[in-house]
Each structure stands twice: as structure tokens, then as C-alpha cells.
Amino acid sequence: MSGAPRVALVGGGPAGAVAARVLARRGLAVTVLEAHAAPPQKVGETLPPGLTPLLRHLGLETWLERDGHLRSQGNRALWGSQRAEESPFLANPFGNGWHVDRRRFESRLAETAREEGADWHWGARLASCTRAGRGWRLTVLREGWREILEVDFVADATGRHARLARRLGARRVCYDRLTGLTGLLESPMPAADTYTLVEATPGGWWYSALLADGRLAVAFLTDGDLLEKPLRQADPAAWWQLLRQSAATRERVEGHGYQGKTPLRVLPAETSRLDTIVGDGWIALGDAAAAYDPLSSHGVASAMGSGFYGGHAIADLLAGRDDARLAYLDLLQRAFGTCLDLQKEHYARETRWPDAPFWRRRQAAGYGI
Ligand SMILES: Cc1cc2nc3c(=O)[nH]c(=O)nc-3n(C[C@H](O)[C@H](O)[C@H](O)COP(=O)(O)OP(=O)(O)OC[C@H]3O[C@@H](n4cnc5c(N)ncnc54)[C@H](O)[C@@H]3O)c2cc1C
């Protein structure tokens with residue numbers, strides 16, 4: 001291993017973890033730097049059935065069951081009308097989807113990457129990254145200490161903020177200003193319905209999904225600039241008032257006595273990508289490369305997919321195969337284009353509020369790649 005090329009993966013989310021595993025398997029010396037000291041509670045709980053082949057390939061499918069995540073029956077949508085439409089996963093060739101506890105899920109991803117040989121560091125934040133010959137010199141902050149790491153290649157898997165790639169000169173291209181106001185609700189008599197519920201309202205749309213421990217993940221999605229100040233500041237009273245104006249979401253929450261015990265979070269959820277995804281000696285993976293509207297429930301699947309193909313691209317590039325750059329870019333570009341088309345189609349189906357700014361923006365021509 002000592003003579004193997006050294007790669008630093010910055011960010012230990014789904015993209016970083018899968019790439020780490022691929023690189024370790026291919027015999028590279030891979031170090032993962034994750035700023036959080038332990039897997040953080042992230043939003044994004046619903047995994048679509050389409051992720052099953054990759055989960056199976058990575059040997060992770062059986063872990064979902066064993067780690068106690070919840071099978072999802074399908075999607076229910078009040079979209080374009082007040083009548084709920086159900087899309088059960090029964091007939092899906094890939095089987096059911098999942099509602100995962102992100103902490104447990106990411107902890108498992110990290111563990112499997114370590115088992116393959118990745119050198120994984122929790123609580124290690126990248127502070128700077130500068131050129132050192134053909135490679136890189138990284139300054140890492142850990143428990144108040146500065147450490148220096150020298151590597152041949154760096155990967156940005158830091159999520160939507162793309163902290164490393166932007167430091168290296170890449171720019172973020174944003175397609176909208178979607179923002180999520182998210183809460184994890186608790187109840188003494190939790191719901192049993194494992195459908196993901198999506199409900200359009202004049203100001204945006206609601207999403208809710210049950211977790212295995214009975215908590216309900218609930219989010220309101222709208223454009224950040226359309227939010228009144230109290231909502232922008234995550235005021236629970238304003239959020240609950242808005243929730244009471246919904247129909248099925250309100251019924252799901254109030255019908256089971258759900259309450260918020262943890263603070264609400266205001267999170268960026270826009271569709272965006274970097275203008276440069278692969279540079280000289282670096283690459284971007286997952287949300288850092290391209291991030292999707294949560295309507296698609298595609299974020300984690302896409303992050304893991306790009307971690308997988310990006311990991312192989314890094315190994316190929318380091319082996320002198322320059323065509324790996326174009327192959328990776330082409331893959332990401334096609335996936336992003338397809339997703340934007342589907343997104344556009346989906347938003348076009350909701351025509352009840354043509355004058356509401358949120359919907360007017362999404363009906364406007366030119367929304368897309
Ligand atoms: C409201 C909302 C709802 C969503 N719902 C869904 C859903 O239902 N299903 C779905 O599949 N997706 C959903 N997503 C998207 C999903 O959460 C993301 O696509 C996914 O987490 C991306 O994975 P990633 O590995 O690219 O980045 P992340 O999971 O964001 O991981 C990036 C990691 O990098 C670390 N990091 C950042 N800076 C540094 C640094 N300087 N040094 C070291 N580490 C650093 C962070 O701590 C973090 O752990 C949703 C997103 C939002 C906002």
C-alpha cells in the first residue's frame with residue numbers, strides 16, 4: 001500500500017463513503033476527512049427503489065433490514081388536485097423503497113468503507129488545500145489541532161456547499177432558490193402508514209415520511225426569497241400555522257398527535273451544479289457536483305452513484321487514463337439533464353395557482369438545463 005497513490009476525500013456523506021470504498025478496493029491509499037465527530041442527523045430519509053441494484057452491488061441491501069430501517073410502500077401525492085393519488089411500489093421491478101435513519105445509515109456506510117481499508121477520520125475539518133508539486137497539501141483541523149496531509153488527488157464530497165471545489169475556483173450554477181423548512185416530529189401514538197406523502201399548496205409543497213422509530217420527517221419546500229421573516233428564522237409557530245393550512249399533511253400530523261421536540265431547520269434545497277466538476281488533480285462528487293430538488297427523492301441515490309463512478313474515475317485518472325474524466329462528466333451531465341426534464345414535467349402538472357409566485361416561476365419557459 002505504501003507506494004499506492006494517495007487520495008483525500010473531503011466529506012463523509014453517502015458520496016464520500018461510497019467513493020472511499022471503491023478506491024480502497026482498487027488498492028489506493030484513501031483518507032476520508034469528515035467534519036462531524038459522528039454521523040450527523042441529516043434530512044433526506046427516503047430512498048427510491050431504483051437504488052436497489054447499487055445497494056445490492058455494494059452488499060448494503062441486507063444491512064437496511066438488519067439495521068432496522070423502514071420499508072416504504074410507495075408515494076402518495078396531492079398534486080394538481082385535492083384527490084390523493086397513490087403509486088405503490090408493489091409492481092416496481094426493484095421492489096420497495098426505504099425510509100432510513102440517516103445517522104444509522106451513514107454510520108454503516110462509514111463502517112463498510114473502513115472494512116475495505118479506508119482511513120476514516122471523524123471530527124476532521126479541511127481548513128485549506130494548496131498545491132504541492134503535482135499533488136496537494138491539506139491543512140486539517142482536529143480537536144483544536146492543525147495537521148498537514150499530503151496527497152496526490154483530492155475529492156470534494158462536502159455536499160451542496162462544495163467547499164473544496166469552490167476554493168479551487170469552481171462556481172455554483174443555481175437553477176432556483178428552493179429552501180426546505182424541516183422538522184422531525186414525535187408522537188406517543190405514531191402513524192403506521194409508510195407512504196411518502198407529497199402535497200402541493202399555493203406557497204410551495206409539503207413532504208412527510210415516517211421513520212422506523214415512529215418519528216415523522218416533515219418539510220415545507222418553497223423559494224427562500226418568498227419566505228416571511230419568522231419562517232426564514234425557523235419560528236415554530238409560523239411553521240405550524242402554515243402546516244394547518246394543508247389538508248392531508250395536517251391530517252397525518254394532527255391525527256397522530258405529532259409534536260416538534262427538536263428545533264426546525266432551514267436548509268438550501270435548490271437544484272444546482274458546479275461549472276467545473278473535474279479539475280487538474282481534483283474531482284467533485286455527490287451534491288457537491290450536482291444537487292437535486294428533493295421532489296425527486298434522488299439525492300442520496302445520485303450521491304452514492306456519483307461516489308461509485310467518481311471513485312472509479314479517480315483510480316483511472318491516477319492510472320493515466322485521461323478518458324475517465326470525460327466518461328464521468330458525460331454520466332453526470334446526462335443524469336442531471338434527465339432529472340431536470342422530469343422535474344419540469346412534474347411541476348407542470350400543478351396548475352391550480354397560476355398567479356402564485358412559487359408556481360408561476362416553475363411554469364415559466366426556460367426553467368431547465
Ligand atoms: C429538505 C431536503 C430533503 C431531502 N430529501 C431527500 C430524500 O427524501 N431522499 C434523498 O435521497 N435525498 C434527499 N435530500 C438530498 C440528500 O440529503 C443529499 O442529496 C445527500 O445527503 C447528498 O449526499 P453527499 O454525500 O453528496 O453530501 P452530504 O450528505 O451533504 O455530506 C457532505 C459531508 O461533508 C462534510 N463536510 C462539509 N464541509 C467539510 C469540511 N470542510 N471538511 C470535512 N468535511 C466536511 C459534512 O459534514 C457532510 O457530512 C434532501 C435534501 C433536502 C435539503
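Residues numbered from 1 in each chain as written. Predicted model: local features only at pLDDT ≥ 70, side-chain atom pairs only at ≥ 80, totals over all residues. Heavy atoms only, no water.

With respect to the overall build of the protein chain
Rules: Labels follow the DSSP assignment, with helices taken as runs of H or I lasting at least four residues and strands as runs of E lasting at least two, numbered in each case from the N terminus. Computation of the radius of gyration draws on C-alpha atoms alone. For the globule rule, the value is 2.2 Å times the number of residues to the power 0.38. Accessibility here uses a 1.4 Å probe with only protein chains present; expressed as a share of the type maximum, an area under 20% marks a residue as buried, one over 50% as exposed, and anything in between as partly exposed. Between two residues, a contact is recorded if the distance between any of their heavy atoms is within 4.5 Å. For the accessible areas, the method is Shrake-Rupley and the probe is 1.4 Å, while residue cover comes only from the protein chains on display. None of His or the chain ends enter the tally, which takes Lys and Arg as positive and Asp and Glu as negative. In this description, the location of a charge corresponds to atom NZ of lysine, CZ of arginine, CG of aspartate or CD of glutamate.
Looking only at helices and strands, the protein chain features 11 helices and 23 strands. In terms of overall dimensions, the protein chain is globule-like: its C-alpha atoms have a radius of gyration of 21 Å, near the 21 Å expected for 369 residues. Out of the 369 residues belonging to the protein chain, those deemed buried represent 53%. By sequence separation, contacts in the protein chain at least 24 residues apart represent 72% of the contacts at least 6 residues apart. Total accessible area on the protein chain stands at roughly 16700 Å², and carbon and sulfur atoms take up 52% of it. Counting 46 positive and 42 negative side-chain charges, the protein chain places the centres of these two groups 3 Å from one another.

Description of helix α4 (residues 102-116)
This is how it is decided: For a helix, the expected span equals 1.5 Å multiplied by the residue count minus one. N or O atoms closer than or at 3.5 Å make up a polar contact, with two conditions inside protein: a donor-capable atom paired with an acceptor-capable one, and, for residues adjacent in sequence, both atoms drawn from side chains.
The terminal C-alpha atoms of α4 lie 21 Å apart, and with 15 residues this matches the ideal 21 Å at 1.5 Å per residue to within 8%. On the buried face of α4, the contacting elements are α1 (14-25), β3 (46-47), α3 (61-66), β8 (119-121) and α9 (299-318). The N-terminus of α4 is capped by Asp 101, whose side-chain oxygen sits 2.9 Å from the backbone nitrogen of Arg 103. Following α4 by one or two positions, Gly 117 adopts a phi angle in the positive range, close to 120 degrees.

Some remarks on the sheet that holds strand β20 (residues 272-274)
Note the cut-off: Here, a strand pair is defined by DSSP locating no fewer than two bridges between the strands.
Read across the open sheet, the 3 strands follow the order β13-β20-β23; overall the sheet is antiparallel. Looking at which strands have only one partner, the edges of the open sheet turn out to be β13 (172-174) and β23 (290-291). For β20 and β23, the ladder comprises 2 bridges, and the chain directions are antiparallel. Looking at the pairing, Arg 273 lines up with Ala 290 of β23.

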